[in-house]
Amino acid sequence: MDPTHFVHINTGSPEPIYRQLIEQVKRRVAAGQLKAGDEIPSVRELAQALAVHPMTISKAYSQLEADGVLERRRGLSMVVAAQHRRAQPTADRVELLRPTLEKAAAEARQLELSSAQVLQLFKTLLDEQAP
Amino acid sequence: MTSPHFPHTDTPSAQLAGVSLSYAEGASVLNGLDWQLLPGQVVGLLGRNGAGKTTLLETLLGLREPQSGSVKVFGQDATRRDDATRARIGYVPQQNDLFQGFTAAQLLAYFRSFYPRWNEARVEGLLSRWEIPRDRPIRKLSGGQQQRLSIIRALAHEPDLLVLDEPVASLDPVGRRDFLRELVDQVLDRGTTVVFSTHILSDLERVAFNLAFLSRGRIALQAPLDELLEQVRAFTGSVTEMASLMARLGAQPLKRTPLEAGRERVLARLPANAALPAGVAADRVNLDDLFAELT
């Protein structure tokens, strides 16, 4: 897997980089873009590709391993864990959107927009990206 | 607060205790400063312009002698370290001090003679990758090329302690990213201790695992960046509400800023699992906010 396109990070966010990595990997697994047994970039590869401290990467991988999303194969490589072969229940997948939407909700309140106005925009965006 | 993340028990790479330094004009720059850098830590040094970051780094390197306090690098007094200890340190100064009449090749050959360890393959690789002419006088190189050459000189002898004082100010975003990758390699391959001073906070966010905030001549706070982003909140409310909230949460204010109408903004760590009372506004903060509040 090409480590430069594995995940993207945003600096200047209140979300620590390791948290961003965890959320993105979980989203990609939930969406089926990463499948059980898929090998993910090593800590070294990803640290170099993103120019991020290697401990930040290993912290994210350890958490993902503890959460059962990744597992360590004999040797050193990490792969997507088997129990994620079945798609996660919808409720779990929806929950993954919460951090992103919380931020949008807070900004909508600051802009004094009504719920209807915001939901309309969200619906438009969803329709635009419909497969 | 010092919050070492690496469970090293070795001698600190650098240790400053009770360091005070004033200039002849009487301005006090460092004021009883305590600071410790553990092996393998990458520490971002943050401070406003004029806070004394360069003075602090020069003191750590033994280039300035403080009026009081002790400065040890790899266990030796910083101003009296021997050649072997000196060879373990790499330094990229804010103003490059390259000999302007030399060529890059002459400069590197000159420095090579001082170091028992010198990674010629890495030097050659970096000169090529960063497109630095080997045989043109340094004064004819661009600012960015000179800064890159200064970085190569600091990395060539594979230092155990790397001190970076605004090392990337003249580099464009691509040049900065190349530099950060070298830094990551250095950490991966050698576990080098790094102190990195810069105002480009996005660079620090990537590579600095720990942050040290220099304010009023002291390290006001040192902690892992992740921990600060996850725990620190900005609370706003009346002064009395804030006082009782801090007491209830058992939190120590890191910074208090008076607002109009008897209100204040308080920056504090929210203890893990602490529930916020209803009606209390607590904003998350990013690195820019932390810089603005804590330096």
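Rules of the game
- Residues numbered from 1 in each chain as written.
- Chains lettered and ligands numbered in written order.
- Predicted model: local features only at pLDDT ≥ 70, side-chain atom pairs only at ≥ 80, totals over all residues.
- Heavy atoms only, no water.
- Salt bridge = Lys/Arg side-chain N within 4 Å of Asp/Glu carboxyl O.
- Helix = DSSP H or I, 4+ residues; strand = E, 2+ residues; numbered from the N terminus.
- Buried < 20%, exposed > 50% of the residue type's maximum accessible area, 1.4 Å probe, protein only.
- Pairing = 2+ DSSP bridges.
- Contact = heavy atoms within 4.5 Å.
- Buried area = accessible area lost by both parts, 1.4 Å probe.
- Polar contact = N/O pair within 3.5 Å; in protein donor to acceptor, adjacent residues only side chain to side chain.
- Core = buried A, V, L, I, M, F, W, Y, C linked by side-chain atoms within 4.5 Å.
- 1 Å grid on protein atoms, 1.4 Å probe; cavity = no way out; pocket = protein on both sides within 12 Å on 5 of 7 lines; lining within 4 Å.
- Points joined across faces, edges and corners; volume = space filled by probe spheres on them.
- Nonpolar A, V, L, I, M, F, W, Y, C, P; charged D, E, K, R; others polar.

Notes on the pattern of salt bridges
Phase 1 of the analysis: Under the criterion given, the structure shown has 29 salt bridges over all chains.
Phase 2 of the analysis: Here E230 of chain B ties to R19 of chain A by a salt bridge, and the two come within 3.0 Å at their closest N and O atoms. Placement of E230 of chain B in helix α8 (residues 225-231) and of R19 of chain A in helix α1 (residues 17-30) is noted, with the two residues assigned to different chains.
Phase 3 of the analysis: For E230 of chain B, a relative accessible area of 27% translates into the label partly exposed.
Phase 4 of the analysis: With its nearest N and O atoms 3.2 Å apart, the salt bridge here joins E65 of chain A to R72 of chain A.
Phase 5 of the analysis: Via salt bridges that share partners, R88, R117, R122, R129, E158, D160, E182 and R190 of chain B belong to a single interconnected network.

Some details on the pairing of strand β11 (residues 232-238) of chain B
Across a regular strand the side chains alternate sides, sitting on one face of the sheet and then on the other.
All names here are of chain B.
Phase 1 of the analysis: Within β11, 6 of the 7 residues are buried, leaving the element largely enclosed by the surrounding structure.
Phase 2 of the analysis: Looking at chain direction, β11 and strand β13 (residues 263-269) are connected through 7 bridges and run antiparallel. Note that in β13 the partner of T236 across the bridge is R265.
Phase 3 of the analysis: Note: β11 against strand β14 (residues 281-284), 4 bridges, orientation antiparallel. Looking across to β14, one finds that F235 is bridged to A282.

Here's the deal with the interface of chain B and chain A
Interface size is commonly expressed as the accessible surface area that is lost when the partners come together.
Phase 1 of the analysis: Counting residues at the interface gives 22 residues for chain B, matched by 23 residues for chain A.
Phase 2 of the analysis: Summed over both sides, the interface between chain B and chain A buries roughly 2100 Å², with carbon and sulfur atoms accounting for 56% of that surface.
Phase 3 of the analysis: The tally of links from chain B across to chain A stands at 4 salt bridges.
Phase 4 of the analysis: There are 13 residue pairs in polar contact (both at pLDDT 80 or more) connecting chain B and chain A.
Phase 5 of the analysis: Looking at the side of chain B that touches chain A, the elements that each hand over two or more residues are α6 (173-190), α7 (201-207) and α8 of chain B.
Phase 6 of the analysis: In terms of residue count, the dominant contributor to the side of chain B that touches chain A is α6 of chain B (8 residues).

Some thoughts on the nonpolar core
Phase 1 of the analysis: Of all hydrophobic cores here, the largest spans 76 residues; its most connected members are V25, Y61 and L70 of chain A together with L149, F179 and F196 of chain B.
Phase 2 of the analysis: Counting 28 residues, the second largest nonpolar core, distinct from the first, contains L16, V29, L61 and F74 of chain B.

A few points about empty space enclosed by the protein
Residues and elements named next belong to chain B.
Phase 1 of the analysis: Taken as a whole, this structure holds 2 cavities of 30 Å³ or more when the rule is applied.
Phase 2 of the analysis: Each pocket or cavity is described by its volume, and for the largest cavity that value is around 70 Å³.
Phase 3 of the analysis: Among the elements of the structure, α7 and α8 are those that each provide at least two residues to the lining of the largest cavity.
Phase 4 of the analysis: When residues of the lining of the largest cavity are assigned to their parent elements, the largest contribution, 3 residues, is made by α8.
Phase 5 of the analysis: Split by residue class, the lining of the largest cavity holds 6 nonpolar, 1 polar and 3 charged.

Brief notes about unusual backbone geometry
Phase 1 of the analysis: For A51 of chain A, which is not glycine, the phi torsion reads 55° and is therefore positive.
Phase 2 of the analysis: By relative accessible area, which is 0% here, A51 of chain A ends up buried.
Phase 3 of the analysis: A positive phi angle, close to 50°, is found at E158 of chain B, a residue other than glycine.
Phase 4 of the analysis: Relative to the helices and strands, E158 of chain B is located in the loop between α5 (143-156) and β7 (161-165).
Phase 5 of the analysis: Owing to a relative accessible area of 15%, E158 of chain B belongs among the buried residues under this scheme.

Some remarks on the layout of surface pockets
Phase 1 of the analysis: In this structure, the largest pocket encloses a volume near 1700 Å³.
Phase 2 of the analysis: For the largest pocket, the lining is made up of 41 residues, of which P99, T100, E102, K103 and A104 of chain A are closest to its centre.
Phase 3 of the analysis: Among the elements of the structure, α1, α5 (98-110) and α6 (115-128) of chain A together with β14 of chain B are those that each provide at least two residues to the lining of the largest pocket.
Phase 4 of the analysis: Across the lining of the largest pocket, the residue classes break down as 18 nonpolar, 10 polar and 13 charged.
Phase 5 of the analysis: Empty space within the second largest pocket amounts to approximately 510 Å³.
Phase 6 of the analysis: Around the second largest pocket, the lining comprises 16 residues; the ones closest to its centre are R81, R86, I89, F111 and Y115 of chain B.
Phase 7 of the analysis: At the level of elements, α2 (83-86), β6 (89-92) and α5 of chain B are the ones that each hand at least two residues to the lining of the second largest pocket.
Phase 8 of the analysis: Residue contributions to the lining of the second largest pocket peak at 3 residues, all from β6 of chain B.
Phase 9 of the analysis: Here the residues of the lining of the second largest pocket are counted per class, giving 9 nonpolar, 2 polar and 5 charged.

Worth remembering: the numbers are spatial, not functional.
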